[in-house]
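Chain by chain, the residues:
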Amino acid sequence: MAEMDQTVFTLYTGCLIDRRFPGFEAATRFVAEKLGWELKEASGFTCCPDPVWVRSSNVETWLTLAARNLAIASTQEAPLLTLCNGCFETLNSAAKILEHSPKKAETVNQRLQQAGLSYRQPVQVKHFLQVLVDLYRQNPDRLTSLIVRPLHGIRLAPHPGCHLTRPSEYAQFDDPLNPRALDEILTAIGAEVVDYPERTHCCGLPIFATDRDLSLSMARDKVSALQEKADAIVVTCPSCFLQFETAQALDREHPHKLPVFFLSELLALAMGADPKALAFQAAHRVPIQAILEKLEVYTHAQS
Amino acid sequence: MLKINPEFRKTLSQALGEEVLFLCYQCGKCSAHCPVFHRVPDRFNPRKILEMAYLGVEQLLEDPALWLCTTCYECVENCPQTVNFVDIIVTLRNLAMDRGLAPKSVLDEYQAVTNKGFVYPLTGRIRKVKEELGLSITGDGDSPSFQQVLEVRHG
């Protein structure tokens, strides 16, 4: 198969970005436009669905709904661009499971046929960071030449999250036990990257549904470890974002909070985006003024 | 007292593949790398879950431990025997779900996705933010036909 044009993608926003953090989509669109990417739209997508609880409830439902999203994407003839580690895990794993198991693909296609759909043309699934770091490694200037507001003097702690690189059997991206792609991008946009032993630890979000205190303690341990070391924590997944925000918003014992950023937000700021176009107030409960002031970005919405 | 049920063991090994349960030699590396085990070793121990699955202890399906795995895959990436603990916990959870043993929060999310297509509803507040940002809006039920693919037809 010929190399696909890596500047055209079908955008997949999933649940959480679509319904809770629309600013993350706006930030990503801003960055994509700066990079000269074309983001195609496809209609009819549902939740990926959730690789944890939908899959844990019924594997067949999980695979079928994922295949339905892939079937919709396959009409676009472009890689599917995901902005969430969970969406990446589900859609990428499902695409590979269906590719390797003709029997499962046949069963799923019978179910898709009930809705007049079919999944015969494999779809390449990419996470935003994967595309970005590939581009940066091939041609660093393509990214760095767009930076008009470098993040100099800001200490950022990367939280790559679990499902971006694991299970490595399907993710096939970065080192599953020592991922560094996020560090590379943060360095490229001028930030000081903070290394810390807990960097690959899980944020704990999935078990928020089944044991809230235990779940939040996982995020709080990471935040505590970073309190003296970093100015903010950076995530590539809206679920990790939600978890770090919730863990701090519900924590009355520790008044000092660590700002949380979604990678696209920082890229958009570094590329000169107007903060009003990123809807920070709709997503951030932990105040981010200190960071914006360091970048000399001011917005009334942050008062 | 824990009871071994050969029938349950058979069900499990059929779902996972005959050889999977034999791969684990109980080295405990999964637990050593598990962030949940480190916090609550008495409540969640992947090595023990694998041991009980190997033996065919059916009470596993009623054990609250079943719902404490975050699926972070640290165990899977570190297992010297390539045991996929996450696949095993997912299979056990599917069996528990079939018997009505899943926690309500899990069932609620499953029903939200299978009924509406999304985990989260689109609130008026977010709809307004999306309008201001000029983003396209997908309402609940705007994903035509998604429920048809879940219908199981017989014959």
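Residues numbered from 1 in each chain as written. Chains lettered and ligands numbered in written order. Predicted model: local features only at pLDDT ≥ 70, side-chain atom pairs only at ≥ 80, totals over all residues. Heavy atoms only, no water.

Digging into the domain arrangement of chain B
And step 1. Parsing chain B into structural domains produces domain 1 (6–98) and domain 2 (104–150).
And step 2. Computed from C-alpha atoms alone, the centre-to-centre distance between domain 1 of chain B and domain 2 of chain B is 32 Å. (Domains from an automatic or database assignment.)

Quick notes on the packing of helix α1 (residues 6–16) of chain B against helix α7 (residues 85–98) of chain B
The relative placement of two packed helices comes down to the angle between their axes together with the axis-to-axis distance.
All names here are of chain B.
And step 1. Between α1 and α7, whose axes approach to 10 Å, the crossing angle comes to 125°. Here α1 lies oblique to α7, going by the angle between them. Pair α1 / α7 crosses with right-handed handedness. Residue-level inspection shows F8, T11, L12, A15 and L16 of α1 in contact with α7, the latter providing D87, I88, T91, L92 and L95.
And step 2. Its residues assigned to classes, the contact of α1 with α7 comprises seven nonpolar, two polar and one charged. (Axes fitted to C-alpha atoms, helices over the stretch in contact; angles between N-to-C directions. Helix = DSSP H or I, 4+ residues; strand = E, 2+ residues; numbered from the N terminus. Parallel < 35°, antiparallel > 145°, perpendicular 65-115°, else oblique. Left-handed = near helix turned anticlockwise from the far one by under 90°. Contact = heavy atoms within 4.5 Å. Nonpolar A, V, L, I, M, F, W, Y, C, P; charged D, E, K, R; others polar.)

Description of the sheet that holds strand β2 (residues 38–40) of chain A
All names here are of chain A.
And step 1. Read from one edge of the open sheet, four strands run β2-β1-β3-β4, paired in parallel fashion. With partners counted over all chains shown, the strands left at the sheet margins are β2 and β4 (125–127), one partner each. Strand after strand, the sheet turns through a mean of 40° between neighbouring axes, direction not considered.
And step 2. As paired strands, strand β3 (residues 80–82) and β4 are joined by three bridges and run parallel to one another. Considered in β4, the bridge of T82 is made with H127. (Pairing = 2+ DSSP bridges.)

Examining the sheet that holds strand β6 (residues 192–193) of chain A
The strands that make up a sheet are held in pairs by hydrogen bonds between backbone atoms, and each pair lies either parallel or antiparallel.
Residues and elements named next belong to chain A.
And step 1. Spatially, four strands are ordered β6-β5-β7-β8 in an open sheet, and the strand pairing comes out parallel. Two strands bound the open sheet, and with one partner strand each, they are β6 and β8 (260–262).
And step 2. Its contacts with the sheet place helix α13 (residues 263–270) against β5 (155–159), β7 (232–235) and β8, and it is angled at close to 80° to β8.

Some remarks on the confidence of the model for chain A
And step 1. This prediction gives chain A a mean pLDDT of 95; 97% of its residues lie at or above 70.
And step 2. Taken together, the stretch residues 1–5 of chain A has pLDDT below 50 and engages in three contacts with residues farther than four places along the chain or on a different chain. (pLDDT = per-residue confidence, 0-100.)

Some thoughts on the environment of A:P238
Residue and element names in this part refer to chain A.
And step 1. Inspection of the secondary structure puts P238 in helix α12 (residues 238–249).
And step 2. A C-alpha to C-alpha distance of 22 Å links P238 and D134, two positions 104 residues apart in sequence.
And step 3. Setting aside residues up to four positions removed in sequence, P238 forms contacts with L16, I17, F21, F24, L83, C84 and F262.

Quick word on the interface of chain B and chain A
Interface size is often expressed as the accessible area that is lost when the parts come together.
And step 1. Contacts between chain B and chain A engage 56 residues on the former and 62 residues on the latter.
And step 2. Between chain B and chain A, roughly 4,900 Å² of surface is buried when both sides are summed, and carbon and sulfur atoms account for 58% of that area.
And step 3. Seen at the junction of chain B and chain A, the total is five salt bridges.
And step 4. The shortest N-O distance in the salt bridge between B:D87 and A:R55 comes to 2.9 Å.
And step 5. Where chain B meets chain A, there are 25 residue pairs in polar contact (both at pLDDT 80 or more).
And step 6. If you list the elements that add at least two residues to the side of chain B that touches chain A, you get α4 (35–39), α6 (74–78), α7, α8 (104–116) and α9 (124–133) of chain B.
And step 7. For the side of chain B that touches chain A, the class distribution of residues is 29 nonpolar, 14 polar and 13 charged. (Buried area = accessible area lost by both parts, 1.4 Å probe. Salt bridge = Lys/Arg side-chain N within 4 Å of Asp/Glu carboxyl O. Polar contact = N/O pair within 3.5 Å; in protein donor to acceptor, adjacent residues only side chain to side chain.)

Observations concerning the environment of A:A71
All names here are of chain A.
And step 1. For A71, the position within the fold is in helix α4 (residues 59–73).
And step 2. Each C-alpha atom, one on A71 and one on C203, is 31 Å from the other, the two residues being 132 residues apart in sequence.
And step 3. A71 has contacts with L112, L117, S118 and Y119, leaving out every residue within four places of it along the chain.

Structural notes on the pairing of β7(A)
Residues and elements named next belong to chain A.
And step 1. A two-sided burial pattern is seen for β7, the buried positions comprising A232 and V234 on one face and I233 and V235 on the other.
And step 2. Where β5 lies against β7, four bridges are found, and the strand directions are parallel. Note that in β7 the partner of A157 across the bridge is I233.
And step 3. Sheet topology note: the β7/β8 ladder contains three bridges and is parallel. Paired with I233 across the bridge in β8 is V260.
And step 4. As for the winding sense of the linkage, the β-α-β connection from β7 through α12 to β8 is right-handed. (Buried < 20%, exposed > 50% of the residue type's maximum accessible area, 1.4 Å probe, protein only. Right-handed = clockwise from strand over helix to strand, strands pointing away.)

Observations regarding the pattern of salt bridges
Residues and elements named next belong to chain A.
And step 1. The full count for this structure, using the stated rule, is 23 salt bridges over all chains.
And step 2. Here R155 and D231 are joined by a salt bridge, their closest N and O atoms 3.0 Å apart. You can see R155 sitting in strand β5 and its partner D231 sitting in the loop between α11 (212–226) and β7, a full 76 residues away along the chain.
And step 3. D251 serves as the salt-bridge partner of R220, at 3.9 Å between the closest nitrogen and oxygen. Highlighted residues: R220 in helix α11 and D251 in the loop between α12 and β8, separated in sequence by 31 residues.
And step 4. A relative accessible area of 24% means that R220 is categorised as partly exposed.
And step 5. In this structure, a network of salt bridges that share partners links the residues R180, D183, D195 and R199.

Here we look at the domain arrangement of chain A
All names here are of chain A.
And step 1. Domain parsing of chain A yields domain 1 (8–128) and domain 2 (148–302).
And step 2. Centre-to-centre, using C-alpha coordinates, domain 1 lies 24 Å away from domain 2.
And step 3. Between domain 1 and domain 2, the residue contacts involve 27 residues of the former and 34 residues of the latter.
And step 4. With both chains or domains summed, domain 1 and domain 2 bury close to 2,500 Å², and 74% of this area falls on carbon and sulfur atoms.
And step 5. On the domain 1 side of the contact with domain 2, F24, W53 and N85 bury the most area, a combined 24% of that side's loss.
And step 6. There are zero salt bridges connecting domain 1 and domain 2.
And step 7. At the junction of domain 1 with domain 2, the criterion picks out eight residue pairs in polar contact (both at pLDDT 80 or more).
And step 8. Those elements giving two or more residues to the side of domain 1 that touches domain 2 turn out to be α1 (16–19), α2 (22–35) and α5 (85–100).
And step 9. The residue inventory of the side of domain 1 that touches domain 2, partitioned by class, reads 16 nonpolar, seven polar and four charged.

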